[in-house]
Protein chains: 2
Amino acid sequence: MLKSNARDANCESCQTSGCFIKQHCADKYITLLNNLKETSTYRKDQYIAFEGYPVLGLFFIQSGKAKVVSSGLNGKTQVVRLTKSGDIIGHRGYGGEKYPISAVAIEESIVCFVDNDTIHQAFMDNPRLTFELMMYYSRELRKSEAKIKNQAQMNVREKVADALISCNSFFNNKNDSSFLIQLNRQDIADLAGINTEQLSRILSEFKKDEIITISKDGISINDLSFFQKIVSPFGSVE
Amino acid sequence: MLKSNARDANCESCQTSGCFIKQHCADKYITLLNNLKETSTYRKDQYIAFEGYPVLGLFFIQSGKAKVVSSGLNGKTQVVRLTKSGDIIGHRGYGGEKYPISAVAIEESIVCFVDNDTIHQAFMDNPRLTFELMMYYSRELRKSEAKIKNQAQMNVREKVADALISCNSFFNNKNDSSFLIQLNRQDIADLAGINTEQLSRILSEFKKDEIITISKDGISINDLSFFQKIVSPFGSVE
DNA sequence: ATTCTTTTATGATTTAAATCATATTTATTC
DNA sequence: GAATAAATATGATTTAAATCATAAAAGAAT
């Protein structure tokens, strides 16, 4: 596992609002985990978890953002999902022996690692933690199953619209119109499940219609509802 | 929710080995849930859960098999996964308000239903149940994320091979070579994420090469390793 | 600034897969 | 059993998307 300068952030003073440990463990447990966890900082494009490597524990993203990628046969890469502060990486492998996916930081990120034995004990002693994590996986599974359908049925234009909606809800936490997508074309294409040439074409089309603005700093979405109409013209079920 | 003749199977005498409730709840809880659950029998092609309908609780498959399907825009259907005895349906919707998917029996099936409040209480009182369910969702999520990549990157031949491998591990529990796939071409195509014409073509090709045998009773797989080579020529990570 | 490199965009061509059309097989009904 | 309907298979054609090729733009290095 590639790690850069290890940090020893303190759980008690940690301000990551979405942290499952902090939210759902007893205080004395947080103190305990604080000593057992390892906190590391990853620079952009550094690997947090590596596909095919043994699963040693669970990663909690304290701050920053990462992409979860899965490599295909012919050198292709699929961005399976995007993760950020409060999200968890690596648990899919739990029970299995090796990570089926890799996780790569897309900006400088601080990540806490808790080894298998410790997290297992934490689950046993903190039912609320287990419950919330179960709900988390349940939600992720919903999203994942929706994406299976999208990959199977959508055309490239719909896939791009869907990927941009995902980017919006991921990057645009303040819900302002001037946020920028911090991914390059290759990553957006891998997220949409298409190639970069097709992505460029579709983006140019959206740009011409002024649905998005492309500057050298990135892409910003002007009209999100336009994309929502593309992916579910009759309104969503959810 | 469409239900046929309600049955009142008894948890104490139930022989479903994979049942999460039976395996991971305290005995007194099993007695309690036995009274609160509703057990129904669904005939082939009957709906167990219906996409877009409110989530009222959780379905546990006691016996039988079901397909979990998601409907697309243009009348297309995606078979998201296959479920059988011991599996759970409906929990993706928990937290959300409506089922994002439907579940349809593919053979006569007995299904136990536990309402939201009851199952929530069961989670609170049986940490082991919650933990095992978390692990279950974690495994399902792994499979689901693998399928996202497959849908995005595989060609039709690979998709068919992948679907047949799934069918084998789903239907062929005794690991004999003479098992039959109990799905029609439309369902296999929806599982593979392709259309029936393409499926027929690929199946004919496999039949010609004697990888599979097609009779009027169904499809049987003669050489599973052939398919495994197609989907991961260099051996799997798992 | 100028060159070199990388990223992004776009046009031309090829290819795989969907669609359309029809035939064949299997199942159902009378 | 024959007749009808449904499911499956296969050929012909169209279409969407991938690939190939090249250009334009942006960033880095000198």
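Since this is a predicted model, take the numbers as computed values, not measurements.

So, the protein's contact with DNA strand C
Working step 1: Surveying the vicinity of DNA strand C reveals 14 residues, the closest of which are Arg-185, Ser-200 and Ser-204 of chain A together with Asn-155 and Arg-201 of chain B.
Working step 2: Looking at the surface near DNA strand C, the elements with two or more residues in it are helix H7 (196–208) of chain A together with helix H7 (196–208) of chain B.
Working step 3: A total of 4 residues in the surface near DNA strand C trace back to one element, the largest contributor, which is H7 of chain A.

Points about unusual backbone geometry
Residue and element names in this part refer to chain B.
Working step 1: Within the chain, Asp-45 stands out as a residue other than glycine whose phi angle is a positive 75°.
Working step 2: The residue Glu-210 is not glycine, and still its phi comes out positive at about 60°.
Working step 3: Among the secondary structure elements, Glu-210 is positioned in the loop between H7 and strand E10 (212–215).

Digging into the relation of the copies chain A and chain B
Working step 1: Once chain A is rotated about the relating axis by 180° and shifted along it by 0.0 Å, it coincides with chain B to within an RMSD of 0.0 Å. Taken together, the rotation angle and the small translation identify this as a two-fold axis. No C-alpha of chain A approaches the rotation axis more nearly than that of Met-134 of chain A, which lies at 2.1 Å.
Working step 2: With an isologous cut-off of 70% or more, the 98% of interface residues of chain A that recur at the interface of chain B puts this contact in the isologous class.

Some words on the nonpolar core
Working step 1: Formed by 48 residues in total, the largest nonpolar core has its most connected members in Phe-60 and Tyr-137 of chain A together with Phe-60 and Tyr-137 of chain B.
Working step 2: Among all residues touching Phe-60 of chain A, those that are not within four sequence positions of it are Phe-20, Ile-21, Asp-87, Ile-88, Ile-110, Val-111, Cys-112, Val-114 and Ile-119 of chain A.

So, the protein's contact with DNA strand D
Working step 1: Taken together, 14 residues form the shell around DNA strand D, and within it Asn-155 and Arg-201 of chain A together with Arg-185, Ser-200 and Ser-204 of chain B come nearest.
Working step 2: For DNA strand D, the fraction of atoms within 4 Å of the protein that belong to sugar or phosphate moieties is 68%.
Working step 3: A distance of 2.9 Å is found between a base oxygen of DNA strand D and a side-chain nitrogen or oxygen belonging to Arg-201 of chain A.
Working step 4: Considering every element that reaches the surface near DNA strand D, the biggest residue donor is H7 of chain B, with 4 residues.
Working step 5: In terms of residue class, the surface near DNA strand D is made up of 2 nonpolar, 6 polar and 6 charged.

Side note on helix H4 (residues 127–153) of chain A
Working step 1: A rise of 1.5 Å per residue sets the reference length of H4 of chain A, with its 27 residues, at 39 Å; its end C-alpha atoms lie 39 Å apart and thus fit the reference within 8%.
Working step 2: The buried fraction of H4 of chain A is high, at 22 of 27 residues.

The rules behind the values
As a convention, each chain's residues are numbered from 1 in the sequence order in which they are written. In the order they appear in the text, chains get letters beginning with A and ligands get numbers beginning with 1. With the structure being a predicted model, the display of local features is reserved for residues of pLDDT at least 70 and the display and counting of side-chain atom pairs for 80 or more, all residues being used for whole-chain, interface and lining totals. In computing side-chain values, all of the structure's heavy atoms are included and hydrogens and water are not. Think of it this way: one heavy atom of a residue within 4 Å of a molecule or strand is enough to make that residue near it. Counting from the N terminus, the helices are the DSSP runs of H or I reaching at least four residues and the strands are the DSSP runs of E reaching at least two. In superposing the copies, a least-squares fit is computed on C-alpha atoms, taking residues whose pLDDT is at least 70 in both. Here a residue-residue contact requires only that any non-hydrogen atoms of the pair lie within 4.5 Å. Buried residues of nine kinds, namely Ala, Val, Leu, Ile, Met, Phe, Trp, Tyr and Cys, make up a nonpolar core once their side-chain atoms join them within 4.5 Å. Burial status follows relative accessibility: with a 1.4 Å probe on protein chains alone, a residue under 20% of its type maximum counts as buried, one over 50% as exposed, and anything between as partly exposed. Two N or O atoms count as a polar contact when they lie within 3.5 Å, although within protein this holds only if one can serve as hydrogen donor and the other as acceptor, and sequence-adjacent residues are included solely when both atoms are side-chain atoms. Amino acid classes used here: Ala, Val, Leu, Ile, Met, Phe, Trp, Tyr, Cys and Pro are nonpolar; Asp, Glu, Lys and Arg are charged; the rest, including Gly, are polar. To estimate how far a helix should extend, the number of its residues minus one is multiplied by 1.5 Å.

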